[in-house]
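Chains, contacts and geometry: an overview
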Amino acid sequence: MVRENRVQFRFELFALVDPSDAQKTTKLAERRQGKLRDEVIRVCRRTSIDELLDPELATLRSRLLDATQPLLESVALRRVLLTHRKTEPL
């Protein structure tokens, strides 16, 4: 029998961009909200529990940045931030 550990991981995701790109980024993010959400979910599902429990979430943040950057065209995301994190077992 294979036992899987499952957790519910909640957070708010923010992106750090150059102030001159803020308005453009907001419009692109609103227009592509569904695709952005799908990519974030895909990345989270492929992330190991150990990586989700890492206090710095370095690997997850890196993967999220890599996955969302192409959806925002020419806007350069400097960094992604995860706030209000909450991890609970299912």
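What you see is a predicted model, and the numbers here were worked out from it, not measured in a lab.

Details of the packing of aromatic side chains
- Applying the stated criterion across every chain yields a total of 1 aromatic pair.
- Residues phenylalanine 9 and phenylalanine 11 carry aromatic rings whose centres are separated by 5.2 Å and whose planes lie at 45° to one another, so their mutual orientation is tilted.

Structural notes on the pattern of salt bridges
- A full pass over the atoms with the stated rule returns 6 salt bridges.
- Between aspartate 18 and arginine 78 there is a salt bridge; the shortest N-O distance is 2.9 Å. Taken as a pair, aspartate 18 in the loop between strand 1 (7-17) and helix 1 (22-31) and arginine 78 in strand 2 (residues 77-89) lie far apart in primary sequence, 60 residues in all.
- Among the salt bridges present, the one from glutamate 73 reaches arginine 31, with a minimum N-O distance of 3.8 Å. Here the residue glutamate 73 occupies a position in the loop between helix 4 (58-68) and strand 2, and arginine 31 occupies one in helix 1, the gap between them amounting to 42 residues.
- Residue class for arginine 31 comes out exposed when judged on its relative accessible area of 59%.
- By sharing partners, the salt bridges in this structure join Arg31, Arg32 and Glu73 into a single network.

A look at helix 2 (residues 33-45)
- The end-to-end C-alpha separation of helix 2 is 18 Å, in line with the 18 Å expected for 13 residues at 1.5 Å each.
- Listed in full, the buried residues belonging to helix 2 are Leu36, Val40, Val43 and Cys44. One face of helix 2 carries all of its buried residues, which in axial projection span an arc of 100°. Opposite the buried face of helix 2, by more than 90 degrees, sit the exposed residues Lys35 and Arg45.
- Tucked into the core, helix 2 has its buried residues touching strand 1, helix 1 and helix 4.

About the thresholds
Residues numbered from 1 in each chain as written. Predicted model: local features only at pLDDT ≥ 70, side-chain atom pairs only at ≥ 80, totals over all residues. Heavy atoms only, no water. Phe/Tyr/Trp six-rings, centres within 6.5 Å; stacked < 30°, edge-to-face > 60°. Salt bridge = Lys/Arg side-chain N within 4 Å of Asp/Glu carboxyl O. Helix = DSSP H or I, 4+ residues; strand = E, 2+ residues; numbered from the N terminus. Buried < 20%, exposed > 50% of the residue type's maximum accessible area, 1.4 Å probe, protein only. Expected span 1.5 Å × (residues − 1). Arc of directions from axis to C-beta. Contact = heavy atoms within 4.5 Å.

Function cannot be inferred from these measures alone, as they are strictly geometric.
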